[in-house]
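# Descriptive structure summary
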Amino acid sequence: MSKNPVVAVCGATGAVGREMLKVLEQRDFPHSEIIPMASARSAGKKVPFKNGELTVVELTEDSFNGVDLALFSAGGSTSEKFAPIAAKSGCVVVDNSSAWRMNDECPLVVPEVNPHDLDWHKGIIANPNCSTIQMMVALKPIHDEARIKRVVVSTYQAVSGTGQKAIEELENQVRRLMSGQPVVADVYPHQIAFNCLPQIDVFMDNGYTKEEMKMVNETVKIMGDASIKVTATCVRVPVFYGHSEAVNIETEQKLTADDVRALLAKFPGITVEDYPEKKAYPMPINGAGLDDTFVGRIREDETIENGINMWIVSDNIRKGAALNTVQIAETLIQRDLLRVP
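A short tour of the structure in this document, coming up. Keep in mind that what you see is a predicted model, and the values were worked out from it rather than measured. (Residues numbered from 1 in each chain as written. Predicted model: local features only at pLDDT ≥ 70, side-chain atom pairs only at ≥ 80, totals over all residues. Heavy atoms only, no water.)

## Digging into the sheet that holds strand β6 (residues 69-72)
Strands belonging to one sheet form pairs held by backbone hydrogen bonds; the direction of such a pair is parallel or antiparallel. Within the open sheet, the 6 strands sit side by side as β5-β2-β1-β6-β7-β8. Their pairing is parallel. At either end of the open sheet lies a strand with only one pairing partner, and these are β5 (57-58) and β8 (124-126). Across 4 bridges, β6 lies against strand β7 (residues 92-95) in parallel orientation. What sits directly across from Phe-72, in β7, is Asp-95. (Pairing = 2+ DSSP bridges. Helix = DSSP H or I, 4+ residues; strand = E, 2+ residues; numbered from the N terminus.)

## Things to note about the sheet that holds strand β12 (residues 270-272)
One open sheet holds the 6 strands; their spatial order is β10-β9-β11-β14-β13-β12, and the pairing between them is mixed. The strands lining the two open edges of the sheet, one partner per strand, are β10 (229-236) and β12. Strand after strand, the sheet turns through a mean of 20 degrees between neighbouring axes, direction not considered. Across 8 bridges, the pairing between strand β9 (residues 148-157) and strand β11 (residues 243-251) is antiparallel. Of the residues in β11, the one forming a bridge with Val-152 is Asn-248. Contacting β9, β10 and β11, helix α5 (residues 210-223) runs over the sheet at an angle of about 145 degrees to β10. Sheet contacts for helix α6 (residues 257-265): β12, β13 (293-300) and β14 (307-314); angle to β13, the most-contacted strand, approximately 165 degrees. (Axes fitted to C-alpha atoms, helices over the stretch in contact; angles between N-to-C directions. Contact = heavy atoms within 4.5 Å.)

## Things to note about the pattern of salt bridges
Per the counting criterion, the structure on display carries 20 salt bridges. For the salt bridge of Lys-214 with Glu-211, the shortest nitrogen-to-oxygen distance reads 3.8 Å. Of the two residues, Lys-214 and Glu-211 both sit in helix α5, 3 residues apart, roughly one turn of that helix. Lys-214 gets classed as buried once you look at its relative accessible area, which sits at 16%. Through salt bridges with shared partners, one network takes in Glu-19, Lys-22, Arg-27, Asp-291, Arg-318 and Glu-330. (Salt bridge = Lys/Arg side-chain N within 4 Å of Asp/Glu carboxyl O. Buried < 20%, exposed > 50% of the residue type's maximum accessible area, 1.4 Å probe, protein only.)

## Side note on the pairing of strand β4 (residues 52-55)
Note that strand β3 (residues 46-49) and β4 share 4 bridges and pair antiparallel. Each bridged residue has a counterpart across the sheet, and for Phe-49 the counterpart in β4 is Gly-52.

## Let's talk about the side chain of His-143
Along the chain, His-143 turns up in helix α3 (residues 130-146). Assessed through its relative accessible area of 11%, His-143 is described here as buried. With sequence-adjacent residues up to four places away left out, His-143 is seen in contact with Ile-148, Met-223, Asp-225 and Ile-228.

## Topic: the packing of α3 against α6
α6 packs onto α3 with a crossing angle of 120 degrees between their chain directions and a minimal axis gap of 9 Å. The orientation of α3 with respect to α6, classified from their angle, is oblique. The two elements α3 and α6 meet at a crossing, and its hand is right-handed. Here Ala-138, Pro-141, Ile-142 and Glu-145 of α3 lie close against α6, whose contacting residues are Val-260, Leu-263 and Leu-264. Here the residues of the contact of α3 with α6 sort into 6 nonpolar, no polar and 1 charged. (Parallel < 35°, antiparallel > 145°, perpendicular 65-115°, else oblique. Left-handed = near helix turned anticlockwise from the far one by under 90°. Nonpolar A, V, L, I, M, F, W, Y, C, P; charged D, E, K, R; others polar.)

## What about the nonpolar core?
Soluble globular proteins tend to pack their nonpolar side chains together in the buried interior. In this structure, Phe-64, Leu-139, Val-151, Val-247, Leu-264, Ile-298 and Met-310 are the most contacted members of the largest nonpolar core, which totals 59 residues. Considering each element in turn, this core owes the most residues, 8 residues, to α3. For Val-151, the contacting residues outside a window of four places in its chain are Met-135, Leu-139, Ile-228, Lys-229, Val-230, Thr-231, Val-247 and Asn-248. Counting 32 residues, the second largest nonpolar core, distinct from the first, contains Val-16, Phe-29, Ile-34 and Ala-38. (Core = buried A, V, L, I, M, F, W, Y, C linked by side-chain atoms within 4.5 Å.)

## Things to note about the packing of helix α1 (residues 15-26) against helix α8 (residues 318-334)
As a packed pair, α1 and α8 sit with axes 9 Å apart at the nearest point and diverge in direction by 50 degrees. By the angle class used here, α1 and α8 are oblique. Judged by the sense of rotation from one axis to the other, the crossing of α1 with α8 is right-handed. Contacts from Val-16, Glu-19, Met-20, Lys-22, Val-23, Leu-24 and Gln-26 in α1 reach Arg-318, Ala-321, Ala-322, Leu-323, Thr-325 and Val-326 in α8. Classifying every residue of the contact of α1 with α8 by side-chain character gives 8 nonpolar, 2 polar and 3 charged.

## Details of the packing of aromatic side chains
Summed over all chains, the structure comprises 2 aromatic pairs. Measuring from centroid to centroid gives 5.9 Å for Phe-64 and Phe-72, while their planes differ by 20 degrees, and the two rings are stacked. This pair shows no difference in class: Phe-64 is buried, exactly as Phe-72 is. A ring pair is formed by Tyr-156 and Trp-311, whose centres lie 5.4 Å apart and whose planes are at 55 degrees; its orientation type is tilted. (Phe/Tyr/Trp six-rings, centres within 6.5 Å; stacked < 30°, edge-to-face > 60°.)

And the structure:
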């Protein structure tokens, strides 16, 4: 582009929208204007940006005139309605909801993994599920080196993945329990404080939850390899920020634990933290607010010939949402793709 883009952040008053603004600022994203957008009830509110504040405007069908790039984090139904309107007006959309992820016309992108898929975008680009993103960053160098056959993943996902109301529910439940009062569960079907819920999203006909099937289907699309078999169990845990994953991988070629550490250590966006003798391994309390995906507990699976176990942690609001979205936008600019074909 001959000028810096006009950038809209849709859903700017939510947890991810606010983090998007923070990431845009911290990474000095090129822009001529930043326009925060939200629903009518949030219009007029102020959101922080740089040394001042921006005024939120209402998201309407006319909002995208003159806008070059829109970062969406306003929910699936909002994206389904407004993303095509934005694209039709010539605005490139990077959407953080699940609305467009499995659409064959929309790339599903983790910039460290498949930036080339941006080349065929038609105006709408999907940001993957938070739990999928961090796993993809860790799987990519392994797949390139030894070709992954099968992945078994169990997730331990923070309440911030559900939104601000879930964060408040965990806080309130802990306070009530500590003061001997009964808890109230509105956001989740059961108490989340001091508990683990083996259900994220609704159950499907096959017995898996929608979140689990997202990880299965998104992995295949992002990696561009339908031969990779994935099975997932997704669990909500009483952690505020940071998803954790226990991942078991079976590869075609043999890799030792040292091989995997070396591959991961030189891959962008990964920090290897694997020092069991020092009791040093990734934990969500240490990864919160940071950009990298942290990998540790790397060891060979002694029950199969070519197996590796590892533990992956990443901030779900940061890399799992806001950061990955902005990285997609940066890659669009780098590849001169910030336009609707």
